[in-house]
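Residue-level listing of the chains:
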Amino acid sequence: MRDLKYLLPVLLFFVMSCASTKQFNKQITEPISPNKLIRDVNYVQRQIQKRQVDYDYYTSKAVIDNKFDSIRRAIHSPMTGREFYPLIAEILASIHQGHLSVAPAIPKPDKERRKYLKKMGAPPLALFEYLWQNDKLLIINNFSKDTHIKKGDEIIAVNGLKTRDVYSKYKSTLTSDGYNETGIPPFFTRKLLLFYTLELGVQDSLRMEITNGIDTLERLVMRQPKKAPQTKQKIKKEPSPKQKTDSISHTKAIEKESKESTAQKKRRFKEVEKNKRIFGWNKTKKEFTRSLKFFGKDSSIAFLHIVRFMDGNYKKAYKQIFNSIQKAGSKVLVLDLRNNPGGKALEIVALFRYLSDSSFKMYAPTKVASGTSLLRPGLFAQQPKFLWPVVAFVYPFYAASTLLTTYRGRDGFFYNDLMMSNKTKTPHKNAFKGKIYLLVNGASFSAACLLASRMSTLSKVTILGEETGGDYNGTVAGIMPLVTLPNSKIKVRLGLKHIKPVNQREEKGRGVYPNHIFIRTASDIVSGKDEALNWIINNEKE
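Residues numbered from 1 in each chain as written. Predicted model: local features only at pLDDT ≥ 70, side-chain atom pairs only at ≥ 80, totals over all residues. Heavy atoms only, no water.

1. Notes on unusual backbone geometry
Peptide bonds are mostly trans, and most non-glycine residues show a negative phi. Quick reminder of the rule: Three labels apply to residues, based on accessible area from a 1.4 Å probe with only protein chains included: buried if under 20% of the type maximum, exposed if over 50%, partly exposed otherwise in between. The way it works is that DSSP assigns letters per residue, a run of H or I at least four long becomes a helix, a run of E at least two long becomes a strand, and they are numbered from the N terminus.
We note that Lys286 has phi near 55°; this positive angle belongs to a residue other than glycine. Accessibility expressed as a relative area gives 61% for Lys286, which makes it exposed. A positive phi angle, near 55°, is found at Ser446, a position not held by glycine. Residue placement: Ser446 occurs in the loop between strand 16 (435–440) and helix 14 (447–455). Residue class for Ser446 comes out buried when judged on its relative accessible area of 11%.

The following block contains the structure:
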């Protein structure tokens, strides 16, 4: 009876969890009445108007209000959340703030399904890396075990649904910051799995129609099961007495070498793991988040590639990186921010200290929607339920510091200084003094674009590539809570801070422009050809 007293709450929680999963899945798959859909439209409009700072920065309030009115008038019959999603996503995309994103409700797996998915690994479409170029979906990386699918191949259709039709249907739901179009193709490939899930449902296998430009084939791509650790047992033969006697000295020598070898392996393993923690590590691609290599005679060109401004210990990483550059005596630095989606705004301040020659301010004052708009940052929604007591303990301190650092400016708008470095900074003692080349493209977004914008003001910087997907003048992001629409369960991610670099220009809604345009094709990526980097190397030889 005593054991049953403790078991009953566990059983009750399990039953309620199963029931809530079934109820949720039923709710999101059943048609929703027009009145409830309109209530969702009203709800998201109010949330954006109250909390999304400068929501009318690119599109006027009158135009946005008119779009919301038009969707209300267009809702005449019941729709499922899946059918309702494109309507909401298209309206929010017209606001032209790239972080203001929408995610439809996807059916939750039950306990057995979760076990299966954990064992079977990633879905088929997640086993590839893509490039959308010239109305074609091209494979630039293959993480599956199917060797018939080559890098550079084009995916024509998935389960009979053509990739061009999917792009045409969902393109209007995508936006970068402002009006430029260079960010749309990479944003489409990042959401490819979502779009096909909306059209086909959750699939464990997909039939892909693929062409290399000459031949066309169909391949069945399935989830890739995770490898289970295997232990091999070796059957040892008992040596003869003579063999035992003759091999004593030899065995001792081998044992000594083996101990030394094992110790070396342990040291190397610890060093590798330490570097992964410092520089960041992508398990799927097996690459560091921040990596450095050298080109040219006497390592005259240092090449720093940053995948994103997240993961690892960036302060230690940049200290080691720029120490290495200084020791190598490099005269030129190439900073590659292509396909960098952004990350921590404070990290790029730390990096800019190694790039600037003089004292600087990184950001202008950070604008917010109201004096209290940051008090609902979505902390609970971002953490699992077992951490909620910790969040509840921390929240009062967050709220107090937020209120103390939020103020009304002379222009009548509200600003916040919490966790944002808008103070004067000095260059690091190991700051790079030579010439800098910056590589960017349409997928350079958010913090990557903020850094590119700030670097564009330095006379020693030359920019190559294509216009960034982010806006030269800043981005609305910082704190980004998720809001769930009550009836369709669609999730909307808001941006609560308008983060701007101190350098501003009159042109609104366009990215950082390159001094020299280079557009990398799928064949370039697959073959390892990099015209922008080759141009830099050849230019420095002259």
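There is more to say, and it comes next.
2. A short note on the pairing of strand 17 (residues 461–465)
To keep it simple, the criterion reads: Two strands form a pair only when DSSP identifies at least two bridges running between them. Every crossover in which the path from the first strand over the helix to the second runs clockwise, viewed with the strands pointing away from the viewer, is termed right-handed.
With respect to burial, strand 17 is a largely interior element, five of its five residues being buried. The side-chain alternation of strand 17 yields two buried faces, one formed by Val461, Ile463 and Gly465 and the other by Thr462 and Leu464. Relative to strand 17, strand 16 is paired through five bridges, and the arrangement is parallel. Across the sheet, residue Leu438 finds its bridge partner in strand 17, namely Ile463. With respect to chirality, the unit in which strand 16 leads through helix 14 into the neighbouring parallel strand 17 is right-handed. Here strand 17 runs beside strand 22 (residues 516–517); their pairing, made up of two bridges, is parallel. Across the sheet, residue Leu464 finds its bridge partner in strand 22, namely His516.

3. Some points on the pattern of salt bridges
What counts is decided by this rule: Salt bridges are defined by distance alone: a side-chain nitrogen of Lys or Arg within 4 Å of a carboxyl oxygen of Asp or Glu.
Tallied over the entire structure, the rule returns 20 salt bridges. With a closest N to O distance of 4.0 Å, Arg207 and Glu218 form a salt bridge. With Arg207 in strand 6 (residues 205–211) and Glu218 in strand 7 (residues 216–222), this pair connects stretches of sequence that are eleven residues apart. The partly exposed category is assigned to Arg207, whose relative accessible area is 39%. Of the charged contacts, one joins Glu273 and Lys276 as a salt bridge, the two residues approaching to 3.4 Å between their closest N and O atoms. On the criterion of helical spacing, the pair formed by Glu273 and Lys276 is a turn pair, its members being three residues apart in helix 10 (residues 248–279).

4. Digging into the sheet that holds strand 20 (residues 491–493)
Test applied: Here an axis means a line fitted to C-alpha atoms, over the contact stretch when the element is a helix, while the angle between two N-to-C directions is reported on a 0 to 180 degree scale. Here, residues are in contact when the closest pair of their heavy atoms is within 4.5 Å.
Within the open sheet, the three strands sit side by side as 1-20-19. Their pairing is antiparallel. With one partner strand each, in any of the chains shown, strand 1 (101–103) and strand 19 (482–484) form the two edges of the open sheet. Looking at each pair of strands side by side, their axes are set apart by 25° on average, direction ignored. Bridge analysis of strand 1 against strand 20 gives three bridges, and the strand direction is antiparallel. Bridged to Ser101 within strand 20 is Arg493. Along the sheet, helix 4 (residues 81–93) contacts strand 1 and strand 20; its crossing angle with strand 1, the most-contacted strand, is approximately 170°.

5. Quick word on the packing of aromatic side chains
Aromatic rings considered in pairs are described by the distance between their centres and by the relative angle of their planes. Stated formally: Ring pairs are drawn from Phe, Tyr and Trp, using the six-membered ring of Trp, whenever the two centres fall within 6.5 Å, and their geometry is named by plane angle: stacked under 30 degrees, edge-to-face over 60, tilted for the rest. Here, a charge over a ring is recorded when the distance from Lys NZ or Arg CZ to the ring centre is within 6 Å and its angle to the ring normal is within 35 degrees.
Applying the stated criterion across every chain, the model contains 19 aromatic pairs. Arranged with centres 4.6 Å apart and planes meeting at 20°, the rings of Trp132 and Tyr167 form a pair that is stacked. On the criterion of sequence distance, the pair formed by Trp132 in strand 2 (residues 128–133) and Tyr167 in helix 6 (residues 163–170) is long-range, its members being 35 residues apart. The exposure classification of Trp132 matches that of Tyr167, with both residues buried. Among the aromatic residues, ring-to-ring pairing joins Trp132, Tyr167, Tyr170, Phe188 and Phe195 into one connected group. Geometry around Phe413 places Lys367 over its ring, the cationic atom sitting 3.6 Å from the centre. Between Lys508 and the ring centre of Tyr57, over which it is positioned, the NZ or CZ distance is 4.3 Å.

6. A short note on a nonpolar patch on the surface
This is how the line gets drawn: What goes into a patch is any residue over 30% in relative accessible area without a salt bridge, connected to like charges within 9 Å or, for nonpolar side chains (Val, Leu, Ile, Met, Phe, Trp, Tyr), within 5 Å. Values of accessible area rely on a 1.4 Å probe in the Shrake-Rupley scheme; residue burial ignores everything except the protein chains shown.
On the surface, Val390, Phe393, Val394 and Phe397 cluster together into a nonpolar patch covering about 430 Å² of accessible area. In this structure, Val394 sits in helix 13 (residues 388–405).

7. A word on the sheet that holds strand 22
The strand order 10-11-12-16-17-22 describes an open sheet built from six strands, whose pairing is mixed. Taken across any chain shown, the strands that pair with only one partner, and hence form the sheet edges, are strand 10 (290–295) and strand 22. Relative to strand 12 (residues 332–336), strand 11 (residues 301–306) runs parallel, the two sharing five bridges. When the sheet's bridge partners are listed, Ile301 is paired in strand 12 with Val332.

8. A short note on a positive patch on the surface
What counts is decided by this rule: Positive charges are assigned to Lys and Arg, negative charges to Asp and Glu, while His and the chain termini are left out of the count. Charged side chains are reduced to one point each, which is NZ for Lys, CZ for Arg, CG for Asp and CD for Glu.
There is a patch of like positive charges on the surface, built from Lys111, Arg114, Lys115 and Lys119. Position of Lys111 relative to the elements: it lies in helix 5 (residues 111–120).

9. Let's talk about the confidence of the model for the chain
The condition that has to hold: Per-residue confidence from the predictor is reported as pLDDT, which spans 0 to 100.
Confidence in the prediction for the chain averages 89 pLDDT; 89% of positions are at 70 or higher. Counting interchain partners and residues more than four positions distant, the pLDDT-below-50 stretch residues 1–17 has one contact.

10. Describing the pairing of strand 3 (residues 136–142)
As a general feature of sheets, a regular strand has side chains that alternate between the two faces. Within strand 3, six of the seven residues are buried, which leaves it mostly tucked inside the rest of the structure. Relative to strand 3, strand 2 is paired through six bridges, and the arrangement is antiparallel. Each bridged residue has a counterpart across the sheet, and for Gln133 the counterpart in strand 3 is Lys136. In this structure, the hairpin formed by strand 2 and strand 3 is closed by a connection of two residues, where Asn134 is found at a positive phi of approximately 55°. With two bridges connecting them, strand 3 and strand 4 (residues 154–158) associate as antiparallel partners. If you follow Leu138 over to strand 4, its bridge partner there is Glu154.

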